[in-house]
Amino acid sequence: MKNIEQIIKGISENGVTGFAVFEDNGGGLHLGIWYDDGENEESFEENFFCHCSYEYNVGQLMDDLTALSEGDSPLDWENMKEMSRVEWRKMVNNEFAGRIVLDMDGLIDKDQMGAAAKIEFENYL
């Protein structure tokens, strides 16, 4: 099993500009992936992918992140356009909506995670 640092390194090496896992205040886990800096209006939405509700299938989020680190593309995955980049930013920037629990810098402190993130990442904490 790869550790978080290896997964993040693999994701970065496979052309992903950024990704984040957001845990909302209802325990929902959302994965956002982007392949650009978000500044080019023409590719603003087409280079962003998001899947929601990972909390209902424990382990699938880490499986997807591992696959992404091994070169899989979210273009080949189902339901990766569940949220637009504008909706993602609105959610992430709302101080009362929840918090990012994993991004290119790694996992946040376990004490700041909600139950869904602790369950999903229990083998990596």
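Residues numbered from 1 in each chain as written. Predicted model: local features only at pLDDT ≥ 70, side-chain atom pairs only at ≥ 80, totals over all residues. Heavy atoms only, no water.

J.: Would you take a moment to explain unusual backbone geometry for this structure?
T.: Across residues other than glycine, the phi torsion is negative in most instances, and most of the peptide bonds are trans. A positive phi angle is found at serine 53, which is not glycine, with a value near 70 degrees. Tracing the backbone through its elements, the reader meets serine 53 in the loop between strand S3 (48–51) and helix H2 (60–69). Note on serine 53: relative accessible area 35%, which makes it partly exposed. Not every positive phi belongs to a glycine, and asparagine 79 is a case in point at roughly 60 degrees. (Helix = DSSP H or I, 4+ residues; strand = E, 2+ residues; numbered from the N terminus. Buried < 20%, exposed > 50% of the residue type's maximum accessible area, 1.4 Å probe, protein only.)

J.: Would you mind showing me how to read the packing of helix H1 (residues 4–13) against H2 here?
T.: Each pair of packed helices gets described by two things: the angle between the helix axes and the distance between those axes. For the pair H1 and H2, the least separation of the axes is 7 Å and the interaxial angle reads 50 degrees. Regarding the angle of H1 to H2, the classification is oblique. Residue-level inspection shows Ile4, Ile7, Gly10 and Ile11 of H1 in contact with H2, the latter providing Met62, Leu65, Thr66, Leu68 and Ser69. A breakdown of the residues in the contact of H1 with H2 according to their chemical character gives six nonpolar, three polar and no charged. (Axes fitted to C-alpha atoms, helices over the stretch in contact; angles between N-to-C directions. Parallel < 35°, antiparallel > 145°, perpendicular 65-115°, else oblique. Contact = heavy atoms within 4.5 Å. Nonpolar A, V, L, I, M, F, W, Y, C, P; charged D, E, K, R; others polar.)

J.: Is there a simple way to explain the sheet that holds strand S5 (residues 106–107) in this structure?
T.: Strands belonging to one sheet form pairs held by backbone hydrogen bonds; the direction of such a pair is parallel or antiparallel. Spatially, the five strands line up as an open sheet ordered S3-S2-S1-S4-S5, and their pairing is antiparallel. Two strands close off the open sheet at either side, each with one partner strand: S3 and S5. Sheet strands in contact with helix H3 (residues 85–93) are strand S1 (18–24), strand S2 (29–34), S3 and strand S4 (98–103), and its direction is about 125 degrees off that of S2. (Pairing = 2+ DSSP bridges.)

J.: Can you walk me through the packing of aromatic side chains in this structure?
T.: Aromatic rings in a pair are described by how distant their centres are and how their planes are angled relative to each other. For the structure on display, the rule yields four aromatic pairs. Consider the rings of phenylalanine 22 and tryptophan 88, whose centres lie 6.4 Å apart with planes at 70 degrees: the pair is edge-to-face. Highlighted residues: phenylalanine 22 in strand S1 and tryptophan 88 in helix H3, separated in sequence by 66 residues. Residues phenylalanine 22 and tryptophan 88 agree in their burial class; the two are buried. For the pair phenylalanine 48 and tryptophan 88, a centre-to-centre distance of 6.0 Å together with 55 degrees between the ring planes defines the contact as tilted. With phenylalanine 48 in strand S3 and tryptophan 88 in helix H3, this residue pair connects regions lying 40 residues apart in the sequence. (Phe/Tyr/Trp six-rings, centres within 6.5 Å; stacked < 30°, edge-to-face > 60°.)

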